[in-house]
Amino acid sequence: MLRGAFLPTEKLELDQNVLLVDNGKQLIMFDTGSGINAEYGPMEFGPKPGKLYENLRIAGFDPSDIDLIVLTHAHPDHCWGLVDDAQNRLYPNAQVAVSMVDYSYWTDLSRVPNIQGTLQRKAVLGTHFNLIPYADRLVPVVGDKEVVPGIAAIATPGHTPGHSAYIISSAGESLVVLGDLSHHQVLLLQRPTMEFLFDTDPAAAVRSRVKMLDMLATDRLEALAFHFPFPGRGHVLKQASGYSYLPTPIPLQ
Ligand SMILES: [Zn+2]
């Protein structure tokens, strides 16, 4: 499949696309990337991540301007950018919208001794480290709930127990924030029933992926996928078998 898509076959490279939405009342960021923390930070993810905080400033935004951070799920590459080394909030004025199912699951230290694998244990410890400083600033996401006007969650469990996609609607247009319903624009679209190594419940993840891809293709909705090539926006087309991805062209500045 990779060769057919003119991609390298020896390794996969996944981007981390963070979306910032200004709805006129609030500055809203979707996920945080893997962060800058020395202990729970980007080192697991290669040399490229960990730049969001400085890039926000370069783009003209102060981290203290962020009013709301909406998490698709509580995996390291999506929420480990919430705090610094001393566990101070990097976004001091932000509330955090997160599935309560994911929040409970990924901050539950009592299950750490029973978790097999160093990486898997670290996932809970690091997520606890990042989320707890926002414990009194949570916006609970439960099921298909509207988070703020114009942004509604779509419960898509499987990759994590509380994984949530979001649909952003404005002036007759919409964008679906896909999170990790599909990690790769070729592999998991051409063969959406393939399971992914880090799915908590792979069978449920497949059901959520297939349902969402069908909705995107049928309703002709644009999506933003966290791990697709930057900026991760595009449409999904139904094929005889599986789906294909059509990136949205980036206008020249
Ligand atoms: Zn991810």
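About the thresholds
Residues numbered from 1 in each chain as written. Predicted model: local features only at pLDDT ≥ 70, side-chain atom pairs only at ≥ 80, totals over all residues. Heavy atoms only, no water. Patch = residues over 30% accessible without salt bridge, like charges linked within 9 Å, V, L, I, M, F, W, Y side chains within 5 Å. Areas by Shrake-Rupley, 256 points an atom, 1.4 Å probe, with all protein chains shown as cover. Salt bridge = Lys/Arg side-chain N within 4 Å of Asp/Glu carboxyl O. Helix = DSSP H or I, 4+ residues; strand = E, 2+ residues; numbered from the N terminus. Pairing = 2+ DSSP bridges. Axes fitted to C-alpha atoms, helices over the stretch in contact; angles between N-to-C directions. Donors = N, O, S within 2.8 Å, 3.2 Å for Na, K, Ca; no water. Tetrahedral: all angles 85-135°; square planar, octahedral: opposite > 155°, others 65-115°. Buried < 20%, exposed > 50% of the residue type's maximum accessible area, 1.4 Å probe, protein only. 1 Å grid on protein atoms, 1.4 Å probe; cavity = no way out; pocket = protein on both sides within 12 Å on 5 of 7 lines; lining within 4 Å. Points joined across faces, edges and corners; volume = space filled by probe spheres on them. Nonpolar A, V, L, I, M, F, W, Y, C, P; charged D, E, K, R; others polar. Core = buried A, V, L, I, M, F, W, Y, C linked by side-chain atoms within 4.5 Å. Contact = heavy atoms within 4.5 Å.

Draft legend 1. Representation of a nonpolar patch on the surface in the model. Where nonpolar side chains cluster on the molecular surface, the patch consists of Leu119, Leu197 and Phe198 and spans about 340 Å² of accessible area. The topology assignment puts phenylalanine 198 in the loop between helix H5 (187–190) and helix H6 (202–218).

Draft legend 2. Geometry of the sheet that holds strand S1 (residues 19–22). On the basis of which strands lie adjacent, the open sheet formed by five strands has the order S1-S2-S3-S4-S5 and mixed pairing. Looking at strand neighbours, the two that pair on one side only are S1 and strand S5 (138–141), the edges of this open sheet. Along the sheet, successive strands turn relative to each other by an average axial angle of 20 degrees, direction set aside. Inspection of the sheet shows strand S2 (residues 27–30) paired to strand S3 (residues 68–70) by three bridges, in the parallel sense. Bridge assignment links phenylalanine 30 to a residue of S3, and that residue is valine 70.

Draft legend 3. Representation of the coordination of the zinc ion in the model. Within the first shell, the zinc ion binds the protein through Asp77 (OD), His78 (NE2), Asp180 (OD) and His227 (NE2), at distances of 2.0 to 2.2 Å. Between the four donor atoms coordinating the zinc ion, the angles at the centre fall across 83 to 169 degrees, so the site counts as irregular. Site description for the zinc ion: donor spacing in sequence, D-H-x101-D-x46-H. You can see aspartate 77 sitting in helix H2 (residues 76–79) and its partner histidine 227 sitting in the loop between strand S10 (222–225) and strand S11 (233–238), a full 150 residues away along the chain.

Draft legend 4. Spatial organisation of the environment of leucine 189. Within the secondary structure, leucine 189 sits in helix H5. Among the residues examined, leucine 189 registers a relative accessible area of 1% and is labelled buried. As for leucine 189 and valine 210, which are separated by 21 residues in sequence, their C-alpha atoms are 9.0 Å apart.

Draft legend 5. Representation of the layout of surface pockets. A volume near 430 Å³ is recorded for the second largest pocket. Where the lining of the second largest pocket is concerned, the elements lending two or more residues are S1, strand S8 (164–170) and strand S9 (173–179). A per-class count over the lining of the second largest pocket returns seven nonpolar, six polar and five charged.

Draft legend 6. Structural view of the pattern of salt bridges. Taken as a whole, this structure holds two salt bridges when the rule is applied. Where arginine 57 meets aspartate 62, a salt bridge forms, and the shortest distance between an N and an O atom there is 3.1 Å. A relative accessible area of 44% means that arginine 57 is categorised as partly exposed. The class of aspartate 62 is partly exposed, set by a relative accessible area of 30%. With a closest N to O distance of 3.0 Å, glutamate 222 and arginine 233 form a salt bridge. Placement of the pair is glutamate 222 in strand S10 and arginine 233 in strand S11, with a sequence separation of eleven residues. Here glutamate 222 falls in the buried class, since its relative accessible area comes to 11%. Overall, the relative accessible area of 34% leaves arginine 233 in the partly exposed class.

Draft legend 7. Quick look at the nonpolar core. Ranked by size, the top nonpolar core spans 27 residues in total, and within it Ile66, Ile69, Leu71, Leu82, Tyr91, Val96 and Leu131 carry the most contacts. Residue contributions to this core peak at four residues, all from helix H4 (residues 118–131). Here isoleucine 69 is in contact with Met29, Asp31, Thr32, Leu82, Tyr91, Ala94, Gln95, Val96 and Ala97, once residues within four sequence places are set aside.

Draft legend 8. Quick look at the sheet that holds S8. Across the sheet, seven strands lie side by side as S6-S7-S8-S9-S10-S11-S12; this open sheet has mixed pairing. Each of the sheet's edge strands pairs with one partner strand only, and the pair in question is strand S6 (146–148) and strand S12 (243–247). Ignoring which end each strand starts from, the neighbouring axes of this sheet average 35 degrees apart. Relative to S8, strand S7 (residues 151–155) is paired through five bridges, and the arrangement is antiparallel. In the strand pairing of S8, isoleucine 151 is matched with isoleucine 168.

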